[in-house]
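Summary of the model geometry
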Amino acid sequence: MAGNKTFTMIKPDAVGAGNIGAIIKMIEEAGFSIISMKYTRLSGERAGQFYAVHRERPFYEDLCSYMSSGPIVAMILEKDNAVEDFRNLIGATNPAEAAEGTIRKLFATSIEANAVHGSDSDDNAQIEGSFFFSEIEKF
Ligand code: UDP
Ligand code: MG
């Protein structure tokens, strides 16, 4: 059975463009509850750890410097079928391929600076949420 939690970040491009509020509004209107939230910043090293699964990919170094270039908003979200429903809400990785009305279609500026992260599985939602929040911070 699908889990009811996912993890997201509002990435530096969207924070810098002043889109935190608009993105959170879309998340809440789609039926997700925010159960943990943190405005913070990743060092290059922490970004590298978060995206370690991509370390052999050609975009890895650029991705890590981009993700550490400014503040982010990390959140744990709750909803039935959270992982799949949130991936549908954000749209494809490349905003040029993202469906109309998705967060990435509306706010992303490139395949790298694509406004938001969304976990791709229940296991990764757990791992990624724990990367930012201790047990006591998870409601
Ligand atoms: N990314 C990139 N170039 C690519 C593919 C991905 O810069 O060709 C970045 C982009 O910010 C993306 C992140 O790396 O969100 C992680 O890639 P993944 O394939 O996991 O995409 P996602 O799960 O975020 O849609
Ligand atoms: Mg991914």
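Here the structure is shown first, and the text comes after it.
Definitions and limits used
- Residues numbered from 1 in each chain as written.
- Chains lettered and ligands numbered in written order.
- Predicted model: local features only at pLDDT ≥ 70, side-chain atom pairs only at ≥ 80, totals over all residues.
- Heavy atoms only, no water.
- Near = heavy atom within 4 Å.
- Polar contact = N/O pair within 3.5 Å; in protein donor to acceptor, adjacent residues only side chain to side chain.
- Areas by Shrake-Rupley, 256 points an atom, 1.4 Å probe, with all protein chains shown as cover.
- Nonpolar A, V, L, I, M, F, W, Y, C, P; charged D, E, K, R; others polar.
- Buried < 20%, exposed > 50% of the residue type's maximum accessible area, 1.4 Å probe, protein only.
- Helix = DSSP H or I, 4+ residues; strand = E, 2+ residues; numbered from the N terminus.
- Pairing = 2+ DSSP bridges.
- Axes fitted to C-alpha atoms, helices over the stretch in contact; angles between N-to-C directions.

**Remarks on the site of ligand 1**
Taken together, Lys11, Tyr51, His54, Phe59, Leu63, Arg87, Thr93, Arg104, Ile111, Glu112 and Asn114 are the residues near ligand 1. Note that an oxygen atom of ligand 1 is positioned 2.9 Å from one of the side-chain N or O atoms of lysine 11. At a separation of 3.0 Å, an oxygen atom of ligand 1 approaches a polar side-chain atom of histidine 54. Protein chains shield 82% of the accessible area of ligand 1, which is 500 Å² for the free molecule. Here the shell around ligand 1 is composed, by residue class, of 4 nonpolar, 3 polar and 4 charged.

**So, the pairing of strand S1 (residues 5–10)**
The buried count for S1 comes to 5 of 6 residues, which makes it a mostly enclosed element. The pairing of S1 with strand S3 (residues 72–78) spans 6 bridges and is classified as antiparallel. Within the sheet, the bridge partner assigned to isoleucine 10 lies in S3 and is valine 73. Both S1 and strand S4 (residues 116–118) contribute to a ladder of 3 bridges, which runs antiparallel. What sits directly across from methionine 9, in S4, is histidine 117.

**Considering the sheet that holds S4**
Read from one edge of the open sheet, 4 strands run S2-S3-S1-S4, paired in antiparallel fashion. Both outer strands of the open sheet, strand S2 (33–40) and S4, are each paired with one neighbouring strand and no more. Shown here is a sheet whose adjacent strand axes are inclined to one another by a mean of 15°, direction ignored.

Don't take any of this as a statement about function, it's just geometry.
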